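# Structural features, examined
Here is what each chain is made of, one letter per residue.
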2 protein chains.
Amino acid sequence: MLAAPSIQKLLDELERLPGVGPKSAQRIAYWILNTDRATALRLAEAIAEVKDTVSFCSCCNNYAQDDLCDICASPSRNHNLICVVSEPRDIPPIERTAVFDGVYHVLGGALAPMDGIGPDDLNIADLMKRLASARVEEVVLATNPNVEGETTAAYLARLIKPLGVKVTRLASGLPVGGDLEFADEVTLGRALEARRPL
Amino acid sequence: MLAAPSIQKLLDELERLPGVGPKSAQRIAYWILNTDRATALRLAEAIAEVKDTVSFCSCCNNYAQDDLCDICASPSRNHNLICVVSEPRDIPPIERTAVFDGVYHVLGGALAPMDGIGPDDLNIADLMKRLASARVEEVVLATNPNVEGETTAAYLARLIKPLGVKVTRLASGLPVGGDLEFADEVTLGRALEARRPL
């Protein structure tokens, strides 16, 4: 018997979290035991509140506390520029760049025929409806640069181009601050193909 | 604006946890958003329950759900053998060895004169009371093998030995599976001093 039942229960629940193994679960559990009651309960309440108040944006399918997410509801964003991402978690990194002022569309995954995930399993119909009803000028395909993401981007490009909407894809190339020496050949090949005049 | 307010609140609380930085907080938050309501609430409730039900064992000062912790309450443990540790978190690793069948005493820290932590700040008086009232045969000093832990062990040994109780210390030496080449000289020196006939 390594721990009191309620400590064991907490350990079990913590170990479910992504990136939290038995050792980090124990570290977190002892931190929770050690910390003052109010701090621990704030965490518990934040978890419950997020499940109670957050659902999906009716426009872009991002997480949202109201009918529309903050980005779709914002009049200062360019609603004629849509960035298509696989998951809601892909939006914060793009927002942090401060380079993009358009809106988003969350597919809820990527095409993966081997796993039985086809176009009907993604929010593609909703995207096409948005493109039909608004004067969208450009769709940026920001799915991941892996097999599923590239397949999804190619599929969407074929679907959207006939509508006369400009379709773009995130550039592939060397990561800024990276080292030529350690770049894989596919990335380096893409960087060469997409070389720019200076 | 990177996230809805309740998601931001959850991120803030998660980042307080030990070993959880902004990236892991985001990974965990999206996992919580993605997972079913029941699983997320089980974690929230486990946190609240641990704060509501766990206090300190009146005998050894370990975390306990009742007046006594499971170990102090167990008749199958050897109550004449006390292992002294700094923190409750030091008990599970010792229990996992399955080598120790005695009971524990948690000091709640280690002597650190530089940080103003003296004997009166630790549960040393309680330990001396336990030694006076029970027929304890051996005290194993299992404070950490660092400056504070060694100081604490030396202090306790001087205090306990006059009572005629056997005082022992965890062995220092090479970690099992370790490499001589990479051992620091203090550890290797201790391993040499404590060499054993085969």
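The structure under discussion appears in the preceding block.
Source: prediction; values computed, not measured. (Residues numbered from 1 in each chain as written. Chains lettered and ligands numbered in written order. Predicted model: local features only at pLDDT ≥ 70, side-chain atom pairs only at ≥ 80, totals over all residues. Heavy atoms only, no water.)

Moving on, we come to the overall build of chain A. In terms of helices and strands, chain A carries eight helices and six strands. Along the chain direction, N to C, the helices and strands of chain A fall in the order α-α-α-β-β-α-β-α-β-α-β-α-β-α. Relative to a compact globule of 198 residues, whose C-alpha radius of gyration would be 16 Å, chain A shows 21 Å and is clearly more extended. Taking the principal axes of its C-alpha atoms as reference, chain A extends roughly 65 × 50 × 35 Å. The buried share of chain A, reckoned over its 198 residues, is 41%. Here chain A displays about 11200 Å² of accessible surface, and carbon together with sulfur accounts for 54% of that area. Measuring between centres, the 20 positive side-chain charges of chain A sit 2 Å from its 27 negative side-chain charges. (Helix = DSSP H or I, 4+ residues; strand = E, 2+ residues; numbered from the N terminus. Rg over C-alpha atoms; globule rule 2.2 N^0.38 Å. Buried < 20%, exposed > 50% of the residue type's maximum accessible area, 1.4 Å probe, protein only. Areas by Shrake-Rupley, 256 points an atom, 1.4 Å probe, with all protein chains shown as cover. Lys, Arg positive; Asp, Glu negative; His and termini not counted. Charge placed at Lys NZ, Arg CZ, Asp CG, Glu CD.)

All right, on to helix 7 (residues 147-160) of chain A then. Residue and element names in this part refer to chain A. With 14 residues, helix 7 should reach 20 Å at 1.5 Å per residue; the first-to-last C-alpha distance of 20 Å fits that figure. Within the sequence span of helix 7, burial applies to Gly-149, Thr-152, Ala-153, Leu-156, Ala-157 and Ile-160. Summarising the axial view, the buried residues of helix 7 lie within an arc of 135°, below the 170-degree limit, and thus occupy one face. Away from the buried face of helix 7 by more than 90 degrees, exposed residues Val-147 and Arg-158 are located. Where helix 7 is buried, its residues touch strand 3 (78-85), helix 6 (124-133), strand 5 (138-141) and strand 6 (166-169). (Expected span 1.5 Å × (residues − 1). Arc of directions from axis to C-beta. Contact = heavy atoms within 4.5 Å.)

Two descriptors summarise a pair of aromatic rings, namely the distance from one centre to the other and the angle between the planes of the rings. As enumerated under the stated definition, the model contains six aromatic pairs over all chains in all. With a centroid separation of 5.2 Å and 55° between ring planes, the pair formed by B:Phe100 and B:Tyr104 is classed as tilted. (Phe/Tyr/Trp six-rings, centres within 6.5 Å; stacked < 30°, edge-to-face > 60°.)

Direction vectors running N to C along helix 2 (residues 22-34) of chain A and helix 3 (residues 37-53) of chain B enclose 50°, while the axes themselves pass 9 Å from each other. The orientation of helix 2 of chain A relative to helix 3 of chain B falls into the category oblique. Two packed elements cross with a definite hand, and for helix 2 of chain A against helix 3 of chain B that hand is right-handed. For the pair helix 2 of chain A and helix 3 of chain B, the contacting residues are A:Ile32, A:Leu33 and A:Asn34 in the first and B:Ile47, B:Val50 and B:Lys51 in the second. The residue makeup of the contact of helix 2 of chain A with helix 3 of chain B, split by class, is four nonpolar, one polar and one charged. (Axes fitted to C-alpha atoms, helices over the stretch in contact; angles between N-to-C directions. Parallel < 35°, antiparallel > 145°, perpendicular 65-115°, else oblique. Left-handed = near helix turned anticlockwise from the far one by under 90°. Nonpolar A, V, L, I, M, F, W, Y, C, P; charged D, E, K, R; others polar.)

As a further point, take the sheet that holds strand 5 (residues 138-141) of chain B. All names here are of chain B. Pairing in this open sheet of four strands is parallel, and the strands run 4-3-5-6 from one edge to the other. Looking at strand neighbours, the two that pair on one side only are strand 4 (102-106) and strand 6 (166-169), the edges of this open sheet. Going from strand to strand, the sheet's axes swing by 25° on average, the running direction of each strand aside. Where strand 3 (residues 78-85) lies against strand 4, five bridges are found, and the strand directions are parallel. Its bridge partner being in strand 4, Val-85 is matched across the sheet by Val-106. Packed on one face of the sheet, helix 7 (residues 147-160) meets strand 3, strand 5 and strand 6 and runs near 170° to strand 6. (Pairing = 2+ DSSP bridges.)

What follows concerns the side chain of B:Arg77. Residue and element names in this part refer to chain B. You can see Arg-77 is positioned in the loop between helix 4 (70-73) and strand 3. Polar side-chain contacts of Arg-77 include one of 3.4 Å to the backbone oxygen of Asp-101. With near-sequence residues (within four places) excluded, Arg-77 lies in contact with Ile-71, Glu-95, Phe-100, Asp-101, Gly-102, Val-103 and Tyr-104. (Polar contact = N/O pair within 3.5 Å; in protein donor to acceptor, adjacent residues only side chain to side chain.)

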